[in-house]
Amino acid sequence: MSIIEIFFWLLSGLAIFSAIMVLISKNPVHSVLWLIVVFFAISGHYILLNAQFLAIVNLIVYAGAIMVLFLFVIMLMNLNADADPQKNVWLKVIGIVTGGLLLTVLVSAVRSSNDLVNRSAELKTGSIGLIKSLGITLFNEYTVPFELSSILFLSAMVGAVVIGKKE
Amino acid sequence: MNELLTLMKSELVLTVLIFLLLFVKIGRGVRNEALLPIIQVLLLLNFIVGFFFNGEGSLFGGMFHTSSLIAFEKNILSLAVYLISLLFAGWLKKSQHMPEFFLLMITALLGMFLMISSGNLLMFYLSLELSTIPVAAMANFDLDKKRSSEGAMKMILSSAFSSGILLFGISLVYGATGTLAFAEIPAQLNGSPLQVLAFVFLFSAFAFKLSVVPFHLWAADVYEGSPIAVTAFLSVVSKASMAFILITVLYQVFKPLQSIWYNMLVLLAMATMVVGNLFALRQQNIKRLFAFSSIAQVGFVLVGISSNSTLGVASVVYFMLIYVFSAMAALGVAAVVSHHAGQENIDGYKGLYKNNKFLSWAMALALFSLAGIPPTAGFFGKLFLLAAGGERGAYWFITVAALNMIVSLYYYLRVVRAIFMDANEKPIDIIPLGNTERLGLVICGAGIILVGLAGGIFNFIQTLH
């Protein structure tokens with residue numbers, strides 16, 4: 001077992017464990033902190049795939065900016081451990097059954113797909129996640145979607161200002 | 001450069017409009033009464049420009065493509081937006097943020113144009129967001145009403161959830177085929193379970209936006225809470241654009257999986273028609289009634305889409321053209337009555353005919369068209385949809401659809417009965433009708449009658465491709 005494989009299993013285990021902890025933590029602040037661990041583990045996966053730029057962006061944007069926003073909102077809303085809105089047992093049972101069915105379908109679909117048999121991810125090689133190739137693709141093939149997103153942000157900003165500005 | 005100007009003409013026009021409105025807002029305040037006619041003229045120009053200099057072809061390596069059919073679909077959407085600016089003038093003039101309203105609406109329209117023209121899943125996703133997020137802000141435009149904020153919140157949450165499902169589906173498609181381009185996906189599809197799963201996720205996102213039945217729960221609350229102008233935009237323009245791109249995605253991109261999506265469409269269409277109609281029967285609020293009736297209408301559109309033929313495409317586009325006229329007229333009258341008399345319940349419409357003859361006739365004509373009663377265009381729209389659906393030979397399916405048309409007669413005609421026949425001691429007083437509203441209702445009425453009688457229009461749509 002090479003060092004990369006050891007890292008892969010370690011990071012995968014960490015990601016799944018902390019994702020479960022996000023769900024079962026009673027305290028919302030703990031959930032957010034576990035979510036940060038998930039993002040760190042996923043960034044580790046990006047580094048294993050030789051995508052340093054994606055790893056760093058993932059950390060800065062998700063673990064940095066978005067998580068801070070999350071924490072702010074949760075602290076402003078002043079949720080505590082007692083505030084558990086789901087009291088209905090049947091709702092929980094139905095949720096578990098449907099979620100389990102979706103998981104079964106997902107796993108069986110991936111397992112029975114011929115496209116994925118004997119394929120493995122490119123570890124340590126490949127240049128697709130490097131900043132140079134990413135920039136070239138973004139400004140050649142994907143110029144239009146890139147410009148489109150600027151209009152999207154403009155409209156979201158106008159909408160937010162209108163809603164927020166109550167005289 | 002020349003090609004860029006002609007092919008992307010409608011998008012560029014809209015972008016110019018967006019920036020004009022931004023500068024109007026930044027500059028010294030212009031009164032709504034002075035600004036609204038200018039915006040109406042600009043939107044009319046935008047609609048007229050849509051008929052000229054239409055090219056065909058694709059740009060940016062297949063990221064954007066257009067054809068005569070797509071240009072026609074864009075004209076339908078432009079027409080609907082122009083009608084909104086006419087019919088809801090009363091509410092718009094009183095609105096504190098009218099320039100922003102148009103700015104957001106035109107941005108959403110730009111998103112829809114790009115969505116219909118998109119040739120790549122990434123482009124499709126971004127333009128879908130561009131056509132949704134501004135509308136969620138628009139739903140909150142009745143700033144002092146709690147229900148309006150509630151509707152906007154429900155819309156942004158449910159659309160974020162459906163975007164999540166869509167992105168998951170897109171990433172599975174990319175994993176299973178190795179490409180995002182519409183032109184390259186069909187060759188890679190072989191019906192493996194992973195691809196079917198990816199398609200199901202992708203389709204669920206469409207079903208969310210079209211409010212097809214298991215995914216319809218957000219629609220009624222959002223439609224009821226938001227201002228009627230936004231309800232009209234959501235239930236007509238937004239749905240029409242989603243139906244158009246759904247046709248492209250099903251007929252071109254996922255053509256190899258057609259035996260799978262045919263079964264899905266049959267099941268969803270039946271559930272949508274039945275559930276939409278049954279819930280519409282019980283509604284007392286006119287906006288909720290239109291919400292559920294628009295869900296039922298989407299069921300009929302799915303019947304047309306299931307045919308997988310050029311007749312299917314033509315019948316859906318034709319139906320949407322008619323639906324723009326009929327739904328806009330009905331919602332326009334509802335907006336005028338709600339604005340001046342404060343009535344949104346069907347009981348409040350009792351005896352409307354006594355003092356408001358023009359409004360009553362406009363509403364009756366629109367409801368007849370929505371129900372599909374022969375001389376109006378709505379009948380021909382439904383006829384072609386069902387005929388297209390019948391091409392595959394599933395006649396029991398068409399029978400269910402036809403029976404649903406009969407059920408829908410009940411709740412549409414209940415409103416007509418309240419307006420014309422029910423006695424009311426204190427009927428609504430004479431409502432002063434502005435010129436623009438009158439013009440909008442006349443255009444809608446003319447459309448409802450003429451589009452049905454002029455058979456050439458359907459033939460013309462069939463020649464587009």
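Being a predicted model, the structure only gives us computed values, none of them experimental. (Residues numbered from 1 in each chain as written. Chains lettered and ligands numbered in written order. Predicted model: local features only at pLDDT ≥ 70, side-chain atom pairs only at ≥ 80, totals over all residues. Heavy atoms only, no water.)

> Got a minute to help me understand the overall build of chain A in this structure?
Along its length, chain A carries 6 helices and 0 strands. Overall, chain A shows an N-to-C arrangement of helices and strands of α-α-α-α-α-α. The contacts of chain A with a sequence gap of at least 6 include a subset with a gap of at least 24, amounting to 59%. (Helix = DSSP H or I, 4+ residues; strand = E, 2+ residues; numbered from the N terminus. Contact = heavy atoms within 4.5 Å.)

> Just checking my understanding: could you explain the packing of aromatic side chains for this structure?
To describe a pair of aromatic rings, you give the distance between the ring centres and the angle between the ring planes. Residues and elements named next belong to chain B. This structure, assessed with the given rule, holds 28 aromatic pairs over all chains. Summarising the aromatic geometry, the rings of Tyr353 and Phe420 are spaced 4.8 Å apart at their centres and angled 35° between planes, so their arrangement reads as tilted. With Tyr353 in helix α16 (residues 352-355) and Phe420 in helix α19 (residues 395-420), this residue pair connects regions lying 67 residues apart in the sequence. Its relative accessible area of 25% is what places Phe420 among the partly exposed residues. The interplanar angle of 70° and the centroid separation of 5.3 Å between the aromatic rings of Phe379 and Phe380 together place this pair among those described as edge-to-face. Overall, Phe379 belongs to the partly exposed group, its relative accessible area being 25%. Taken together through their ring pairs, the aromatic side chains of Trp91, Phe101, Phe102 and Phe141 make up a single cluster. For the cation-ring pair, Lys382 lies above Phe300, with the distance from its terminal atom to the ring centre recorded as 4.7 Å. Between the NZ or CZ atom of Arg438 and the centre of the ring of Phe358, over which it lies, the distance is 5.0 Å. (Phe/Tyr/Trp six-rings, centres within 6.5 Å; stacked < 30°, edge-to-face > 60°. Buried < 20%, exposed > 50% of the residue type's maximum accessible area, 1.4 Å probe, protein only. Lys NZ or Arg CZ within 6 Å of the ring centre and 35° of its normal.)

> Explain the packing of helix α6 (residues 143-164) of chain A against helix α6 (residues 98-117) of chain B here, please?
Each pair of packed helices can be described by the angle between their axes along with the distance between the axes. Two elements in contact, α6(A) and α6(B), have axes separated by 10 Å at closest approach and are oriented at 150°. It follows that α6(A) is roughly antiparallel to α6(B) by the angle criterion. In this structure, α6(A) crosses over α6(B), and the sense of that crossing is left-handed. Contact residues: Leu148(A), Ile151(A), Ser155(A), Val158(A), Gly159(A) and Val162(A) in α6(A); Glu100(B), Leu103(B), Leu104(B), Thr107(B), Leu110(B) and Leu114(B) in α6(B). Of the residues that constitute the contact of α6(A) with α6(B), the class distribution is 8 nonpolar, 3 polar and 1 charged. (Axes fitted to C-alpha atoms, helices over the stretch in contact; angles between N-to-C directions. Parallel < 35°, antiparallel > 145°, perpendicular 65-115°, else oblique. Left-handed = near helix turned anticlockwise from the far one by under 90°. Nonpolar A, V, L, I, M, F, W, Y, C, P; charged D, E, K, R; others polar.)

> What exactly am I supposed to notice about the interface of chain B and chain A here?
When the parts of a complex come together, some accessible area is lost, and that lost area is often used as the size of the interface. Contacts between the two partners involve 35 residues from chain B and, on the opposite side, 27 residues from chain A. Across the chain B to chain A interface the summed buried area is about 2600 Å²; carbon plus sulfur atoms make up 81%. The three residues of chain B that bury the most area against chain A are Leu126(B), Leu143(B) and Leu194(B), which together make up 18% of that side's buried surface. Summed over the shared surface of chain B and chain A, the result is 0 salt bridges. The interface formed by chain B and chain A contains 0 residue pairs in polar contact (both at pLDDT 80 or more). Elements represented by at least two residues in the side of chain B that touches chain A include exactly α2 (9-26), α6, α7 (121-139), α8 (146-177) and α10 (193-210) of chain B. Residue contributions to the side of chain B that touches chain A peak at 9 residues, all from α7(B). Of the residues that constitute the side of chain B that touches chain A, the class distribution is 24 nonpolar, 9 polar and 2 charged. (Buried area = accessible area lost by both parts, 1.4 Å probe. Salt bridge = Lys/Arg side-chain N within 4 Å of Asp/Glu carboxyl O. Polar contact = N/O pair within 3.5 Å; in protein donor to acceptor, adjacent residues only side chain to side chain.)

> Can you walk me through the pattern of salt bridges in this structure?
Pairs may arise between side chains of opposite charge once their charged atoms sit close together. All names here are of chain B. Per the counting criterion, the structure on display carries 9 salt bridges over all chains. Between Arg147 and Glu224 there is a salt bridge whose closest N-O contact spans 3.5 Å. With Arg147 in helix α8 and Glu224 in helix α11 (residues 217-225), this pair connects stretches of sequence that are 77 residues apart. The exposure class assigned to Arg147 is partly exposed, which follows from its relative accessible area of 41%. A residue is classified by how much of its surface remains accessible, and Glu224, at 14% relative accessible area, is buried. Bridged by salt links that share partners, the residues Arg147, Glu150, Lys154, Asp221, Glu224 and Arg288 form one connected network.

> Explain α2(B) here, please?
Over its 18 residues, α2(B) runs 26 Å from end to end, which matches the ideal 26 Å to within 8%, given 1.5 Å per residue. Those residues of α2(B) that sit buried are Lys9(B), Ser10(B), Glu11(B), Leu14(B), Leu17(B), Ile18(B), Leu21(B) and Leu22(B). Next to the buried residues of α2(B) lie α6 of chain A together with α1 (2-7), α3 (32-49), β2 (64-66), α4 (68-87) and α6 of chain B. (Expected span 1.5 Å × (residues − 1).)

> It is not clear to me how unusual backbone geometry should be interpreted in this structure. Could you clarify?
Most peptide bonds take the trans form, and the phi angle of most residues other than glycine is negative. For Asn50(A), which is not glycine, the phi torsion reads 65° and is therefore positive. Take Asn50(A): it is sitting in the loop between α2 (28-48) and α3 (52-77). Even without being glycine, Ser211(B) reaches a positive phi, approximately 50°. Along the chain, Ser211(B) falls in the loop between α10 and α11.

> Would you explain the nonpolar core in this entry?
Buried together is how nonpolar side chains tend to be arranged in soluble globular proteins. The biggest cluster of nonpolar side chains holds 201 residues, and the ones touching the most others in it are Phe88(B), Phe233(B), Val237(B), Phe254(B), Ile305(B), Met328(B) and Met363(B). The leading source of residues in this core is helix α15 (residues 310-341) of chain B, at 23 residues. Residues within four places of Ile305(B) in sequence aside, it is in contact with Ala243(B), Leu246(B), Ile247(B), Leu250(B), Tyr251(B), Trp261(B), Leu265(B) and Val316(B). Core analysis: the second largest hydrophobic core is formed by 6 residues, Ile36(A), Phe39(A), Met67(A) and Ile74(A) among them. (Core = buried A, V, L, I, M, F, W, Y, C linked by side-chain atoms within 4.5 Å.)

> Help me out: how do you make sense of the environment of Ile305(B) in this one?
When you line up the elements, Ile305(B) lands in helix α14 (residues 286-305). Taking the relative accessible area as the measure of exposure, Ile305(B) reaches 0% and is therefore buried.

> Explain the domain arrangement of chain A here, please?
Residue and element names in this part refer to chain A. Each assigned domain of chain A is listed here: domain 1 (3-129) and domain 2 (130-167). Taken together, both faces of the contact between domain 1 and domain 2 bury some 490 Å²; the carbon and sulfur share is 68%. Viewed at the interface, domain 2 and domain 1 are joined by 0 salt bridges. Across the domain 1-domain 2 interface, the total number found is 0 residue pairs in polar contact (both at pLDDT 80 or more). A class-by-class count of the residues in the side of domain 1 that touches domain 2 yields 2 nonpolar, 4 polar and no charged. (Domains from an automatic or database assignment.)

> Just checking my understanding: could you explain helix α18 (residues 377-390) of chain B for this structure?
In an α-helix, one turn spans 3.6 residues, which is why side chains three or four residues apart end up on the same side. Residue and element names in this part refer to chain B. With 14 residues, α18 extends 20 Å between its outermost C-alpha atoms, agreeing within 8% with the 20 Å of an ideal straight helix rising 1.5 Å per residue. Every buried residue of α18 is listed here: Ala377, Gly378, Gly381, Lys382, Leu385, Leu386, Ala388, Gly389 and Gly390. Where α18 is buried, its residues touch α14, α15, α17 (357-371), α19 and α20 (435-453).

> Would you mind going over a nonpolar patch on the surface with me for this structure?
The grouping of Ile56(A), Val57(A), Ile60(A), Val61(A), Tyr62(A), Ile66(A) and Phe70(A) at the surface amounts to a nonpolar patch, some 570 Å² of accessible area in total. Its place among the elements puts Val61(A) in helix α3. (Patch = residues over 30% accessible without salt bridge, like charges linked within 9 Å, V, L, I, M, F, W, Y side chains within 5 Å. Areas by Shrake-Rupley, 256 points an atom, 1.4 Å probe, with all protein chains shown as cover.)

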